[in-house]
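# Descriptive structure summary
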Amino acid sequence: MFFAKKMVLKYGNIMNSQVSNRMDKQAKIYVAGHRGLVGSAIVRALEKEGYTNLLTVTRQAVDLLEQRAVADFFASEKPDYVFLAAAKVGGILANSTAPADFIYENLMIETNIIHNAWRNKVQKLLFLGSSCIYPQMAEQPIKEESLLTGPLEPTNDAYAIAKIAGIKLCQAYNQQYDTKYISVMPTNLYGPNDNFNLQTSHVLPALIRKFHEAKVSQAPFVTIWGTGTPVREFLYVDDLADACVYLMNHYEDSKIINIGTGVGITIQELATTIKEVTGYQGDICFDPSKPDGTPVKINDVTYINSLGWTAKTNLHIGIQATYEWFCQNYKNGVLV
Ligand SMILES: NC(=O)C1=CN([C@@H]2O[C@H](COP(=O)(O)OP(=O)(O)OC[C@H]3O[C@@H](n4cnc5c(N)ncnc54)[C@H](OP(=O)(O)O)[C@@H]3O)[C@@H](O)[C@H]2O)C=CC1
Ligand SMILES: C[C@H]1O[C@H](OP(=O)(O)OP(=O)(O)OC[C@H]2O[C@@H](n3cnc4c(=O)[nH]c(N)nc43)[C@H](O)[C@@H]2O)[C@@H](O)[C@@H](O)C1=O
């Protein structure tokens, strides 16, 4: 049972930060990006909780970059709720080599969806941002208040600017049109349906694939990009999805909200853990010619914890589950 908790915002008005305004089990819920890491986990979480009227559509049927297609889709489907998990996403290499694609596609997708959610009176929308929106040298762990207090990490600043625009879109529509659009800032995620392409993936799936393939081919060493010293926080995607559904039911403030474990490890420690899980027997080498990116990135999760949500999945167990999923779904580096 949840009770409204009053809080005074900096603008002086009183808003409910925590509410119990649950989605009806038959409500029409659009999950944008349902085939991706996050979207597929949100679909699993909603189905597990008994939501029966989920709306999904492939990129081939509705390209979210196309304003007209998105407008027609919303006008004909009229969803009640929207989880905005469609985006152009990638790891440090993809972000630093294709910044134009990352800023353009993310601005287009979020603008098309948020504007048409408003035009079609969507009751509530949840926008997926990212912890990379915070300044490169933000005080650790990173509080929500750090937003726009310093320069961004150069390897993903184009993507981060698009994500900051998404936050501002939600807040501006809330302010002008009294909508209920919430923005969450997850830390680095991993799990089933992750991207295992070594050119475009994040570090955790990349290392699962590298160690697995090295074990199979009996390669003497595995190369890790950068120095191994950067610190990252990793959240299992089913925990993230659980948090998103929880917040959709219990939160309606414009204030952005971090999601994570609050615990960081070095890339070297991550590599050692993945080596152990995969059973690889060779050595680990580092390639310092590749970028490290942000030196440390750990979300402060005090706010979401205070609202009654905490992460559950231990990193070792989450990596084991992801490795099992990878072994079942990939053969010779190809999704089967
Ligand atoms: N992965 C991570 O570590 C983190 C992710 N996030 C955020 O979570 C959200 C989801 O990320 P994640 O699940 O990892 O990303 P994925 O790349 O796994 O999934 C993205 C989804 O968006 C869809 N999509 C992309 N472009 C279009 C388009 N033009 N038209 C229709 N559909 C499109 C993709 O469709 P298709 O299947 O056809 O490719 C895919 O289903 C993003 O907003 C991201 O910023 C935040 C923090 C960390
Ligand atoms: C979630 C977040 O993810 C991105 O930021 P990032 O955290 O820097 O991303 P990453 O997972 O790709 O790398 C983490 C660290 O790991 C090192 N590293 C070692 N070896 C490999 C490797 O083989 N692949 C990759 N990708 N990284 C490697 C790598 O050098 C870096 O030090 C944003 O662009 C943006 O997309 C965003 O929001």
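Residues numbered from 1 in each chain as written. Chains lettered and ligands numbered in written order. Predicted model: local features only at pLDDT ≥ 70, side-chain atom pairs only at ≥ 80, totals over all residues. Heavy atoms only, no water.

You'll find the protein chain entered in an unreviewed UniProt entry as GDP-L-fucose synthase, with Sporomusa sphaeroides DSM 2875 given as the organism. For the protein chain, the Catalytic activity (unreviewed entry) comment in UniProt is given as "GDP-beta-L-fucose + NADP(+) = GDP-4-dehydro-alpha-D-rhamnose + NADPH + H(+)". (UniProt positions renumbered as here; feature names shortened; annotations may be inferred.)

Read from one edge to the other, the open sheet built from three strands follows the order 13-10-15, with strand pairing classed as mixed. Both outer strands of the open sheet, strand 13 (265-266) and strand 15 (296-297), are each paired with one neighbouring strand and no more. Bridging between strand 10 (residues 231-232) and strand 13 involves two bridges; their strand directions are antiparallel. By the bridge assignment for strand 13, Arg232 is matched with Ile265. (Pairing = 2+ DSSP bridges. Helix = DSSP H or I, 4+ residues; strand = E, 2+ residues; numbered from the N terminus.)

Further remarks concern the packing of helix 4 (residues 99-119) against helix 5 (residues 157-177). One way to put it is that helix 4 packs onto helix 5 with a least axis distance of 8 Å and a crossing angle of 15 degrees. One way to sum up the angle between helix 4 and helix 5 is to call them roughly parallel. Here the hand of the crossing between helix 4 and helix 5 comes out right-handed. Along the contact surface, helix 4 presents Pro99, Phe102, Ile103, Asn106, Leu107, Glu110, Thr111, Ile114, His115 and Trp118, while helix 5 presents Ala158, Tyr159, Ile161, Ala162, Lys163, Ala165, Gly166, Leu169, Cys170, Tyr173 and Tyr177. Looking at the contact of helix 4 with helix 5 residue by residue, the classes come out as 15 nonpolar, four polar and two charged. (Axes fitted to C-alpha atoms, helices over the stretch in contact; angles between N-to-C directions. Parallel < 35°, antiparallel > 145°, perpendicular 65-115°, else oblique. Left-handed = near helix turned anticlockwise from the far one by under 90°. Contact = heavy atoms within 4.5 Å. Nonpolar A, V, L, I, M, F, W, Y, C, P; charged D, E, K, R; others polar.)

Further remarks concern the packing of aromatic side chains. The final tally for this structure, using the stated rule, is 16 aromatic pairs. Centre to centre, the rings of Phe326 and Tyr330 are 5.1 Å apart; their planes meet at 20 degrees, and the pair counts as stacked. Pair check on accessibility: Phe326 and Tyr330 agree, each one buried. Of the aromatic side chains, those joined through ring pairs into one cluster are Trp118, Tyr173, Tyr177 and Tyr181. When the ring centre of Phe102 is taken as origin, the NZ or CZ atom of Lys88, which lies over that ring, is 5.4 Å away. Its end group placed over the ring of Tyr303, Lys255 keeps NZ or CZ at 4.1 Å from the ring centre. (Phe/Tyr/Trp six-rings, centres within 6.5 Å; stacked < 30°, edge-to-face > 60°. Buried < 20%, exposed > 50% of the residue type's maximum accessible area, 1.4 Å probe, protein only. Lys NZ or Arg CZ within 6 Å of the ring centre and 35° of its normal.)

Our focus in this paragraph is the site of ligand 2. In the vicinity of ligand 2 there are 22 residues, among which Gly90, Ser130, Arg232, Pro291 and Asp292 approach most closely. The separation between an oxygen atom of ligand 2 and a polar main-chain atom of Gly90 is 2.6 Å. Within the backbone of Trp225, one N or O atom sits 3.0 Å away from a nitrogen atom of ligand 2. Bound to the protein, ligand 2 loses 98% of the 700 Å² it would expose on its own. It is helix 6 (residues 203-217) that provides the largest number of residues to the shell around ligand 2, a total of three residues. Here the residues of the shell around ligand 2 sort into 10 nonpolar, eight polar and four charged. (Near = heavy atom within 4 Å. Polar contact = N/O pair within 3.5 Å; in protein donor to acceptor, adjacent residues only side chain to side chain. Areas by Shrake-Rupley, 256 points an atom, 1.4 Å probe, with all protein chains shown as cover.)

As a further point, take the side chain of Asp239. In this fold, Asp239 is placed in helix 7 (residues 237-250). It turns out Asp239 is buried and unbridged, and the closest side chain with the opposite charge, Lys312, is 5.5 Å from it. (Lys, Arg positive; Asp, Glu negative; His and termini not counted. Salt bridge = Lys/Arg side-chain N within 4 Å of Asp/Glu carboxyl O.)

A cis amide bond links Gln140 with the next residue in sequence, Pro141, at an omega value of -15 degrees. Checked against the element boundaries, Pro141 lands in the loop between strand 6 (124-128) and helix 5.

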